[in-house]
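Observations on chain architecture
Residues per chain are reported as follows:
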Amino acid sequence: MNKNYKEMLDKHLPQDAVWTEEKDNEFYIKDQDILEVFGFLKEQGFNFLADISAVDYKEYFEVVYQLCSFDDDRHLVVKIKLDYQNPQVQSLYSLWKTADWLEREVYDLMGIKFINHPNLERILTWEGFEGYPLRKDFISQGGRE
Amino acid sequence: MGVDKEKQYLSQNELEEKGILFTSIDKVLNWARGWSLWPFQFGLACCAIEMICAVQARYDLSRFGYEVFRNSPRQADVMIVAGTVTHKMAPSVQRLYHQMAEPRWVIALGNCAVSGGPFVDSYAVVAGVDKILPVDVYIPGCPPRPEALIHGMLQLKEKVNNPAKVRLRKI
């Protein structure tokens, strides 16, 4: 199995896809290319969306998608930078049903909106909870007396 | 009965010496309750492992008559809150408590249930189950050893047997 992802994928990816220097299986894409890129990657055998997470870098958000393959040990990391004030990106629910809960978790804890998500509600915190706990500017109100 | 016949009757002490006991219905019921508390099988975190351990052969909670862990709140007397109660879980815990038939008791097992424990500053954790339920016995520890749970159950037995010494708090 060819594990040189850059060689294998680069000519099919959009022009503005940027590979990271540290690792050979990570690259950034623009948020408008998301459905096109992930549809292509799914056809290439990255058929399992293992995880979605997000990072708060204070100036911008970064959404991190972990893609794996059921057929071999391939593992790919796709990152998208999002605007801090209005972070929103297309949902991957149309490609992977598992994106439903993964995106709800990211929405719940980080406040990133997923466009065309079927049921974008809080999943871990309770109804009526205010704020997004994993953001850097969130101040935790505990019960200490 | 005439006053002159009074001396024919024996005093309570004299009767007890002969093996005849006097008591009230309440006392008998509380005595029975205290020796056969049925806990509600209800584990929220790692303290539940110690609770399981207390029932197993080494510590053997059934020596005291408390081994009948029920899966339904309607058959249980005592809710052992074994672990961290989050705000999301709190409505369910309250509902289960209200589904238990009276008289009912609550044991807070472990630091999390007593006061929030290491998670007291968290946005998601209830800082002590006594914020939402009336707790009868607090068992500190992280997690408490099975001996501590047994001691707590025996303390609850003392409480059940001596209702005059403790006054129930209303919520």
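Overview of the structure. Counting from 1, residues in each chain are numbered in the order their sequence is written. Lettering of chains starts at A and numbering of ligands starts at 1, both following the order in which they are written. Given that this is a predicted model, residues contribute local features only at a pLDDT of at least 70 and side-chain atom pairs are listed and counted only at 80 or more, while totals for whole chains, interfaces and linings are drawn from all residues. Side-chain metrics in this entry use all non-hydrogen atoms of the structure; hydrogen atoms and water are not considered.

Digging into the interface of chain A and chain B
Contact residues are listed per partner, giving 14 residues for chain A and 9 residues for chain B. Note: buried area is the sum, over both parts, of the accessible area (probe 1.4 Å) each one loses when the two are combined. Overall, the association of chain A and chain B removes approximately 920 Å² of surface from exposure, summing both partners, and the carbon and sulfur fraction of that is 55%. Contact with chain B buries surface across chain A, with Trp126, Gly143 and Arg144 of chain A losing the most and accounting together for 48% of the total. Salt bridge, as used here, is a side-chain nitrogen of Lys or Arg placed within 4 Å of a carboxyl oxygen of Asp or Glu. Inspection of the region where chain A meets chain B yields 1 salt bridge. For the salt bridge of Arg144 of chain A with Asp121 of chain B, the shortest nitrogen-to-oxygen distance reads 2.9 Å. When its residues are assigned to classes, the side of chain A that touches chain B shows 7 nonpolar, 5 polar and 2 charged. Note on definitions: a residue-residue contact is assigned when non-hydrogen atoms from the two residues lie within 4.5 Å. Three residue categories are used. Nonpolar comprises Ala, Val, Leu, Ile, Met, Phe, Trp, Tyr, Cys and Pro, charged comprises Asp, Glu, Lys and Arg, and polar comprises the others, including Gly.

A word on helix α4 (residues 90–99) of chain B
Residue and element names in this part refer to chain B. For every residue, the accessible area obtained with a 1.4 Å probe (protein chains only) is divided by the maximum for its type, and the residue is called buried under 20%, exposed over 50%, and partly exposed between those limits. Note on conventions: DSSP H or I runs of at least 4 residues are helices, E runs of at least 2 residues are strands, and numbering of each starts at the N terminus. Where α4 is concerned, the buried positions are Ala90, Val93, Leu96 and Tyr97. Down the axis, α4 shows its buried residues gathered within 125 degrees of arc, on one side only. The inward-facing, buried residues of α4 abut β1 (39–40), β2 (78–82) and β3 (105–109). Starting at the helix axis, one direction is taken to each C-beta atom, and the arc is that of these directions.

Notes on the environment of Ser115 of chain B
Residues and elements named next belong to chain B. Residue position: Ser115 is located in helix α5 (residues 111–115). Using a relative accessible area of 38% as the deciding quantity, one classes Ser115 as partly exposed. Polar contacts here mean pairs of N or O atoms no more than 3.5 Å apart (in protein, one a potential hydrogen donor and the other a potential acceptor; neighbouring residues in sequence count only if both atoms are side-chain atoms). Polar side-chain contacts of Ser115 include one of 3.5 Å to the backbone nitrogen of Gly117.

Points about the packing of helix α2 (residues 25–35) of chain B against helix α6 (residues 146–161) of chain B
Residues and elements named next belong to chain B. Where α2 contacts α6, the axes come no closer than 8 Å and their chain directions differ by 170 degrees. On the basis of their axis angle, the class for α2 and α6 is roughly antiparallel. Along the contact surface, α2 presents Asn30, Trp31, Arg33, Gly34 and Trp35, while α6 presents Lys157, Val160 and Asn161. For the contact of α2 with α6, the residue count by class is 3 nonpolar, 3 polar and 2 charged. Axis definition: a line fitted to C-alpha atoms, over the contacting stretch in the case of helices. Angles run 0 to 180 degrees between N-to-C directions. We call two directions roughly parallel when the angle between them is under 35 degrees, roughly antiparallel when it is over 145, roughly perpendicular when it lies between 65 and 115, and oblique otherwise.

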